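Chains, contacts and geometry: an overview
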Amino acid sequence: RRGAMDRLGFGYDAVRARRPAMIYCSISGFGDTGPQKDRAGYDVIVQGEAGIMDLTGPRDGPPHKVGASIADLVSGLTASQAILAALYAARIDGRGQRVHVSMYEATAALLTFNASIYFSTGNSPRPRVNEHATILPY
């Protein structure tokens, strides 16, 4: 949860004071700002909140979780990319930085064309079983 490392004395400010060149990464469920910032993040909750579960399962059935811990995995992959970018920047200027990943935002980014369809048509995505929204046959 947000603030846990601060309470333990290992928050970004404390670490930066000791090691200014440190790349510090944190991952939270819903980010550092906004009304959900203090909520704990958990893979299945984030899958549901981000809309991934609405695309999974039978066409007329309830939402289903993805078969893998997709929110956990994509958050870790996003964090590793951000850490690599921060390390590259540190090689140029020698300064460390804080990298933060929101599980919700990383998972919602997987919606790609589904979000585009919604914003252009107003139609919410629906479960498609094994079909694809824009490619036929798939």
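Procedures and definitions
- Residues numbered from 1 in each chain as written.
- Predicted model: local features only at pLDDT ≥ 70, side-chain atom pairs only at ≥ 80, totals over all residues.
- Heavy atoms only, no water.
- Helix = DSSP H or I, 4+ residues; strand = E, 2+ residues; numbered from the N terminus.
- Rg over C-alpha atoms; globule rule 2.2 N^0.38 Å.
- Buried < 20%, exposed > 50% of the residue type's maximum accessible area, 1.4 Å probe, protein only.
- Contact = heavy atoms within 4.5 Å.
- Areas by Shrake-Rupley, 256 points an atom, 1.4 Å probe, with all protein chains shown as cover.
- Lys, Arg positive; Asp, Glu negative; His and termini not counted.
- Charge placed at Lys NZ, Arg CZ, Asp CG, Glu CD.
- Salt bridge = Lys/Arg side-chain N within 4 Å of Asp/Glu carboxyl O.
- Expected span 1.5 Å × (residues − 1).
- Patch = residues over 30% accessible without salt bridge, like charges linked within 9 Å, V, L, I, M, F, W, Y side chains within 5 Å.

Observations regarding the overall build of the protein chain
What the protein chain contains, in helices and strands, is six helices and two strands. Secondary structure of the protein chain in N-to-C order comes out as α-α-β-α-α-β-α-α. Computed over its C-alpha atoms, the radius of gyration of the protein chain comes to 18 Å, more than 25% above the 14 Å expected for a compact globule of 138 residues. The buried share of the protein chain, reckoned over its 138 residues, is 27%. Within the protein chain, residue pairs in contact and separated by at least 24 positions form 62% of the contacts whose partners lie at least 6 positions apart. Working note: accessible area of the protein chain is about 9,200 Å², and carbon and sulfur atoms make up 57% of it. Taking the average place of the 15 positive charges on the side chains of the protein chain and the average place of its 12 negative ones, the gap between the two points comes to 6 Å.

Section: the pattern of salt bridges
Across all of its chains, the model carries five salt bridges by this definition. Between Arg-98 and Asp-32 there is a salt bridge, with its nearest N and O atoms 2.6 Å apart. With Arg-98 in strand S2 (residues 97–102) and Asp-32 in the loop between strand S1 (23–28) and helix H3 (43–50), the pair connects residues that are 66 residues apart, well separated along the chain. Judged by its relative accessible area of 28%, Asp-32 falls in the partly exposed class. Note that Arg-39 is salt-bridged to Glu-49, the shortest N-O span being 3.3 Å.

Focus on helix H4 (residues 70–93)
The terminal C-alpha atoms of H4, which comprises 24 residues, lie 35 Å apart, in line with the 34 Å expected from a rise of 1.5 Å per residue. Along H4, the residues that are buried comprise Ala-71, Val-74, Ser-75, Ala-79, Ala-86 and Ala-90. The inward-facing, buried residues of H4 contact S1, H3, S2 and helix H5 (103–108). Count one or two residues on from H4 and you reach Gly-94, which has phi positive near 75 degrees.

Some remarks on a nonpolar patch on the surface
The grouping of Met-5, Leu-8 and Phe-10 at the surface amounts to a nonpolar patch, some 310 Å² of accessible area in total. Along the chain, Leu-8 falls in the loop between helix H1 (4–7) and helix H2 (12–18).

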